[in-house]
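Observations on the model geometry
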Amino acid sequence: MTESGHLVLVVNSGSSSMKYQLVDPAAGTAVASGLIERVGSADGSARHTDGDRTAEFAGAISDHGVALRIMQDLFAQAGRPLDTVDLLGIGHRVVNGGSRYGEPTLVDSHVLAVIRELSPLAPLHNPANATGIEQAQLAFPGVPQVAVFDTAFFRDLPAAAATYAIDRAVAADYRIRRYGAHGTSHQYVSQQVTALLGAQASARQIVLHLGNGASASAIRDGHAVETSMGLTPLEGLVMGTRSGDIDPAVVFHLTRVAGMGIDAIDELLNRRSGMRGLTGFNDLRDVHQAAANGDAQAALALEVYCHRIRKYVGAYMAVLGGVDAITFTAGVGENDAVTRATALGGLEGLGIVLDAERNAVRSREARVISADGSPVTVLVVPTNEELAIARATVALLT
Ligand code: ADP
């Protein structure tokens, strides 16, 4: 079975996982997708879906090269061997492109070396991204590999937003600035909003990407002018396991008073903070459940989470001089009506009027959830980073 038309394989390599999708960029659909987990361990697992066919794997997955071979096996088992697919290219999510890379880039050995060199800026992500690309080059010789950078949309942030107020020379020597992250999602979602509302009614946008990681951005006429993630994806909103904004002096305090080492603090702020740190749960569904069962800490955690969002919305309205559209996306943003209502409730004075019924609707479609006549349009728009990466890959290769 040979596909008609070009398909793009999108690969998102994490430190211990690999997500992939075979995308039909013209139709805007995923033909097949899968998730490979616990790469690097003896008890790895993988699950693959292709229409109504599924395939699974359980066993040792020593590294990303093995993960890619398992992916190829799963495609074959589900009746679509990849060597029968008309593959235009492979698009890879790369978290940090530094100041070097904005546009999607065809990967050669130099580009790969730079992605590795930028690892200190995204220690959890860039090394895995680079390994995934390298292994895909070996597994699919002759297929072009394209890197799409999560920082790209924020590369041209105004200097006032990108610059930390620290010693200029130190910042320059160590490339310390605000890079942002989730850029592919913020760009895709804001473009969807413009397609829905038109350019004028969406000139000043705030996008709230609330998933396991969470970030906010302010966008004027299609260009990002502020975003909540910084040097790394630790800054900004409260997240599943990350603290978001915190006084840097907390780090000195924990070092001097608690005697904690720097790696332990890194782990604390990145993996044991946010909703997990406050409640023991990183999934907001569990936090809601606990709050409903009378857990006061869980209720407080939800308040902290929503308060932070409100603070950013207010700040970004000031940055933009008002706002035309506010959009929720990603796992929490798309599914959690209570969080949306709490985060933006009581802001009628700022022109933000939610419609409770519209907000309560569950749907996979992009939709408006503000009331008719609300000066600010509030929307829910499902993100689709894979489709955005696939389309960027096509744009570069054709
Ligand atoms: P990632 O950042 O890993 O890509 P997603 O965007 O898929 O994450 O979001 C995952 C998160 O979405 C989960 O951890 C969970 O907190 C949240 N989530 C998913 N569905 C719901 C729901 N119905 N209500 C509240 N939160 C939800």
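With an unreviewed UniProt entry as reference, the chain is termed Acetate kinase, source organism Nakamurella flava. The record held by UniProt for the chain lists under Pathway (unreviewed entry) the comment "Metabolic intermediate biosynthesis; acetyl-CoA biosynthesis; acetyl-CoA from acetate: step 1/2."

A few words now on the site of the ligand. Taken together, Gly211, Asn212, Gly213, Asp283, Leu284, Arg285, Ala330, Gly331, Val332, Asn335, Asp336 and Arg362 make up the full set of residues adjacent to the ligand. Between a nitrogen atom of the ligand and a side-chain N or O atom of Arg285, the distance comes to 3.5 Å. The backbone of Val332 places a nitrogen or oxygen atom 3.4 Å from an oxygen atom of the ligand. Among the secondary structure elements, those contributing two or more residues to the shell around the ligand are α10 (284–292) and α12 (330–335). It is α12 that provides the largest number of residues to the shell around the ligand, a total of four residues.

The next thing to look at is the environment of Gly349. When you line up the elements, Gly349 lands in the loop between α13 (337–344) and α14 (356–360). What makes Gly349 exposed here is its relative accessible area of 78%.

Our focus in this paragraph is the sheet that holds strand β13 (residues 367–368). Spatial strand order, β11-β10-β9-β12-β14-β13: six strands in an open sheet with mixed pairing. Where the open sheet ends on each side, the last strands, each with one partner, are β11 (223–227) and β13. Relative to strand β14 (residues 377–380), β13 runs antiparallel, the two being bridged by two bridges. Counted as the bridge partner of Val368 is Leu379 from β14. Seen against the sheet, helix α11 (residues 296–320) touches β9 (204–210), β10 (214–220), β11 and β12 (325–329) and runs at an angle of roughly 160 degrees to β9.

Looking now at the pairing of β12. The buried fraction of β12 amounts to five of the five residues, a majority that puts the element mostly inside the structure. The alternating pattern of β12 places Ala325, Thr327 and Thr329 and Ile326 and Phe328 on opposite faces, both of which are buried. Here five bridges tie β9 to β12, and the two strands are oriented parallel to one another. The residue bridging His209 from the neighbouring strand is Thr329, located in β12. Where β12 meets β14, four bridges bridge the pair, whose relative direction is parallel.

The next thing to look at is the packing of aromatic side chains. Within the structure shown, the criterion is met by four aromatic pairs. Aromatic pair Tyr20 and Phe75: ring centres 5.7 Å apart, planes at 40 degrees, arrangement tilted. Highlighted residues: Tyr20 in strand β2 (residues 17–24) and Phe75 in helix α1 (residues 64–77), separated in sequence by 55 residues. Overall, the relative accessible area of 3% leaves Tyr20 in the buried class. Centre to centre, the rings of Tyr312 and Tyr316 are 5.5 Å apart; their planes meet at 85 degrees, and the pair counts as edge-to-face. Here Tyr312 and its partner Tyr316 are both found in helix α11, four residues apart, which amounts to about one turn of the helix.

Further remarks concern the UniProt feature "binding site: Mg(2+)" (unreviewed entry) in the chain. Per the UniProt record, "binding site: Mg(2+)" (unreviewed entry) is found at Asn12 and Glu385. A maximum C-alpha distance of 10.0 Å among these annotated residues, which run over 374 residues, shows that they cluster at one spot. Accessibility expressed as a relative area gives 17% for Asn12, which makes it buried. Not counting the four nearest positions on each side in its chain, Asn12 is found in contact with Ser17, Met18, Lys19 and Arg93. Mapping Glu385 onto the fold places it in helix α15 (residues 385–397).

This part takes up the nonpolar core. By size, the foremost hydrophobic cluster in this structure holds 39 residues, and its most contacted members are Ile206, Leu208, Leu210, Tyr305, Val313, Ile326 and Ile352. Contributions of two or more residues to this core are made by β9, β10, α10, α11, β12, α13 and β14. Ranked by residue count, the leading element in this core is α11, at 11 residues.

A separate point is the UniProt feature "active site" (unreviewed entry) in the chain. When the UniProt feature table is mapped to this numbering, "active site" (unreviewed entry) covers Asp150. When you line up the elements, Asp150 lands in the loop between β8 (145–149) and α4 (159–162).

Rules and cut-offs
Residues numbered from 1 in each chain as written. Predicted model: local features only at pLDDT ≥ 70, side-chain atom pairs only at ≥ 80, totals over all residues. Heavy atoms only, no water. UniProt positions renumbered as here; feature names shortened; annotations may be inferred. Near = heavy atom within 4 Å. Polar contact = N/O pair within 3.5 Å; in protein donor to acceptor, adjacent residues only side chain to side chain. Helix = DSSP H or I, 4+ residues; strand = E, 2+ residues; numbered from the N terminus. Buried < 20%, exposed > 50% of the residue type's maximum accessible area, 1.4 Å probe, protein only. Pairing = 2+ DSSP bridges. Contact = heavy atoms within 4.5 Å. Axes fitted to C-alpha atoms, helices over the stretch in contact; angles between N-to-C directions. Phe/Tyr/Trp six-rings, centres within 6.5 Å; stacked < 30°, edge-to-face > 60°. Core = buried A, V, L, I, M, F, W, Y, C linked by side-chain atoms within 4.5 Å.

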